[in-house]
Amino acid sequence: MDDQFDNKNEYYTPDDPQRQPVEENTTYHYAYSANNEQQSGSSYYTPAGSANEQQSGYYTPDGNGKHNETAADSAFYGTPAPAKKSKVGKILIAVLIVSLVIVFVGVIISILGNNNSNASNPDASNGDTASPQIQVQTQATQDSVNKDGKYTVSGVAENCIDSCVGITVYTKRTNYSNFYGYGSGSQNSSEDVASGAGSGVLMLESDGKTYVMTCAHVISDGTSFTVTLNNEKEYPAKMVGFDSQTDIGVLSIDATGLKIAEFANSDSTVLGEQVVAIGCPGGLQFMNSITSGYVSALARPISSSIGYNNECIQIDAAINPGNSGGALFNMQGQVIGINSSKIANTAYEGMGFAVPSSTAVSTANSLIKSGYVEGRAKIGITYNRITSYSNSEAIIQALAQLGYKDANGTIVIGSVTEDSDLINKGIKKYDMIVAINGETLTSTDVLTSALSKSKPGDTVKLTIARIENNQIDDFEIDCVLIEDKG
């Protein structure tokens with residue numbers, strides 16, 4: 001059991017006979033001293049034979065530090081013997097000689113002690129009085145590459161962190177306040193205020209600009225942006241584009257010569273592969289924090305805010321708010337994903353998700369080239385989900401009686417665009433799409449998944465349900481898909 005604090009904030013040691021019992025289910029802090037041999041009081045432990053031994057004298061050649069003398073009476077021929085001299089003087093002389101010997105031996109030992117101290121501590125100045133010192137050991141340098149030729153986690157951090165950036169998002173805030181129809185302030189004045197933060201990775205340099213890849217949900221609501229490099233230098237950034245379906249967005253900054261990240265084909269990622277995530281959890285105050293873990297699953301379907309299932313890389317590396325848009329590296333220092341989301345629930349731990357690099361790169365390249373994702377098909381309608389209506393349960397039950405079981409993904413058409421193939425096919429507002437190519441829309445994912453596998457110009461078969469005179473009729477219609485330009 002570890003040493004604990006008691007209620008008086010004093011230390012106890014395991015062999016303390018007066019150690020008090022510790023209250024159960026209580027968290028305590030404890031301190032550990034590297035020098036457990038240190039004695040109480042102001043004295044320190046020193047090695048035997050050092051100049052700080054707790055002795056009152058030094059060893060002398062005669063073994064006791066005393067010099068013995070005897071008084072001698074001298075008799076001369078023909079003269080009387082002189083009177084005996086007082087022994088006090090001889091004692092003083094003896095004491096003086098002993099003192100000189102002690103001082104001499106002390107000086108020799110002190111010199112030897114200083115020489116030994118200087119030998120073990122080259123930085124010690126000559127002539128300094130020897131004193132107990134904590135010897136700081138130099139930490140061994142962590143290898144950046146292991147025996148297999150791959151980076152260690154510290155190697156990934158060292159070689160890739162300059163490619164990772166923080167993103168500050170600003171939105172317009174008006175000074176006008178409307179209170180029950182009565183306003184104050186100017187409706188025309190507004191200011192940019194910081195409304196959020198996320199992460200990004202430097203993906204490309206072209207035509208005097210550097211492009212920054214991030215998540216669509218980080219930048220989609222912003223009006224202006226700031227990109228902060230790892231060296232804390234800041235650049236104003238411009239929106240290039242974003243795609244909510246893949247959750248990938250791109251910004252650009254007017255800068256060159258920066259550390260551009262290397263991207264790998266995520267199709268080569270394997271289950272159990274070690275990965276490193278770099279991002280800004282909690283914002284720029286924790287910029288470019290590093291977490292490490294393993295690939296827990298591949299092609300994991302994760303629903304986005306528009307109901308589309310993105311196939312993501314599942315990881316157990318810690319992902320927190322602010323990590324969105326940050327890079328997920330393999331142990332070759334290559335980006336294999338863009339960290340996008342996590343399951344935020346106290347019942348879950350270590351379940352983060354990243355958009356695969358193969359998806360992210362193709363989306364970003366298309367956004368840079370065209371401002372939208374090229375080659376993506378759509379029907380050409382606006383719609384609402386059936387579940388947004390108060391009578392949805394009754395309608396879903398009625399559809400089940402027509403053979404469309406669990407049609408919870410049914411969509412209600414709001415309008416048809418001018419370029420849609422449905423514009424001249426008699427489609428009305430509030431008509432419902434209940435199936436595509438014969439598959440019932442048990443969720444909106446059925447529709448969006450079918451469209452993702454199609455190209456502009458392809459024909460799909462839509463099943464339409466229409467409510468008239470309190471009855472539901474259904475019919476099928478062919479629709480030629482058009483290109484979705486965002």
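K.L.:
Would you mind going over the overall build of the protein chain in detail, with residue names and values included?
P.N.:
Each helix and strand counted, the protein chain has 6 helices and 23 strands in total. By residue count, 35% of the 486 residues in the protein chain fall in the buried class. In the protein chain, of all internal contacts separated by at least 6 residues, the share reaching a separation of at least 24 is 61%. When the accessible surface of the protein chain is summed, it comes to about 30,100 Å², and 48% of that surface belongs to carbon and sulfur atoms.

K.L.:
Describe in detail the state of the cysteines, supporting the description with residues and values.
P.N.:
Joining two cysteines, a disulfide is a covalent bond between their sulfur atoms. Scanning all chains against the criterion turns up 0 disulfides. Among the cysteines around C215, which has no disulfide bond, C312 carries the closest sulfur, lying 9.3 Å off.

K.L.:
Kindly report on the side chain of S340, identifying the contributing residues and their values.
P.N.:
Within the secondary structure, S340 is located in strand β14 (residues 334-342). The class of S340 is buried, set by a relative accessible area of 9%. Contacts of S340, omitting those with residues within four sequence positions, involve C215, H217, D247, S324, F353, A354 and V355.

K.L.:
With reference to specific residues and values, describe the pattern of salt bridges.
P.N.:
Enumeration according to the criterion identifies 7 salt bridges in this entry. Among the salt bridges present, the one from D421 reaches K425, with a minimum N-O distance of 2.8 Å. We classify D421 as partly exposed; its relative accessible area is 24%. Among the salt bridges present, the one from R466 reaches D431, with a minimum N-O distance of 2.9 Å. With R466 in strand β21 (residues 459-468) and D431 in the loop between β18 (411-416) and β19 (432-436), this pair connects stretches of sequence that are 35 residues apart.

K.L.:
Please give an account of the confidence of the model for the protein chain that cites residues and values.
P.N.:
In this model, the protein chain carries a mean pLDDT of 76, and residues with pLDDT of at least 70 account for 65%. Across residues 1-84 the pLDDT falls below 50, and counting only partners more than four positions away or on other chains, this stretch makes 59 contacts in the model.

K.L.:
Pulling in residues and values, what's your account of the pairing of strand β8 (residues 248-253)?
P.N.:
For β8, the tally of buried residues reaches 6 of 6 residues, placing the bulk of the element in the interior. Here β8 shows a buried face lined by I248, V250 and S252 and a second buried face lined by G249, L251 and I253. Looking at chain direction, strand β5 (residues 209-214) and β8 are connected through 5 bridges and run antiparallel. Bridge assignment links V212 to a residue of β8, and that residue is L251. Here strand β7 (residues 234-243) runs beside β8; their pairing, made up of 5 bridges, is antiparallel. The residue bridging F242 from the neighbouring strand is G249, located in β8.

K.L.:
Mind laying out the environment of P236, listing which residues take part and the relevant values?
P.N.:
Mapped onto the secondary structure, P236 falls in strand β7. For P236, a relative accessible area of 67% gives the class exposed. Sequence separation between P236 and T168 is 68 residues, and the spatial gap between their C-alpha atoms is 9.6 Å. Setting aside its immediate chain neighbours within four residues, P236 contacts F225, S252 and I253.

K.L.:
Describe in detail unusual backbone geometry, supporting the description with residues and values.
P.N.:
The backbone phi angle of D406 is positive, close to 55°, even though this residue is not glycine. Along the chain, D406 falls in the loop between α5 (392-401) and β18.

K.L.:
Can you tell me about the nonpolar core, naming the residues and giving the values?
P.N.:
Of all hydrophobic cores here, the largest spans 39 residues; its most connected members are M213, V227, L251, F329 and I338. Beyond its immediate stretch of four places on either side in the chain, V227 contacts V165, G166, I167, V212, K233, E234, Y235, A237, L251 and I253.

K.L.:
For the side chain of D243, give the residues involved together with the corresponding values.
P.N.:
Topologically, D243 is positioned in strand β7. For D243, a relative accessible area of 8% corresponds to the buried category. Within the structure, D243 has its side chain in polar contact with the side chain of R376 (distance 2.4 Å).

K.L.:
Could you give me a rundown of the environment of D143, with the residues and numbers involved?
P.N.:
Residue position: D143 is located in the loop between α1 (87-120) and α2 (153-160). Not counting the four nearest positions on each side in its chain, D143 is found in contact with T152 and S154.

Cut-offs used in this document
Residues numbered from 1 in each chain as written. Predicted model: local features only at pLDDT ≥ 70, side-chain atom pairs only at ≥ 80, totals over all residues. Heavy atoms only, no water. Helix = DSSP H or I, 4+ residues; strand = E, 2+ residues; numbered from the N terminus. Buried < 20%, exposed > 50% of the residue type's maximum accessible area, 1.4 Å probe, protein only. Contact = heavy atoms within 4.5 Å. Areas by Shrake-Rupley, 256 points an atom, 1.4 Å probe, with all protein chains shown as cover. Disulfide = S-S within 2.5 Å. Salt bridge = Lys/Arg side-chain N within 4 Å of Asp/Glu carboxyl O. pLDDT = per-residue confidence, 0-100. Pairing = 2+ DSSP bridges. Core = buried A, V, L, I, M, F, W, Y, C linked by side-chain atoms within 4.5 Å. Polar contact = N/O pair within 3.5 Å; in protein donor to acceptor, adjacent residues only side chain to side chain.

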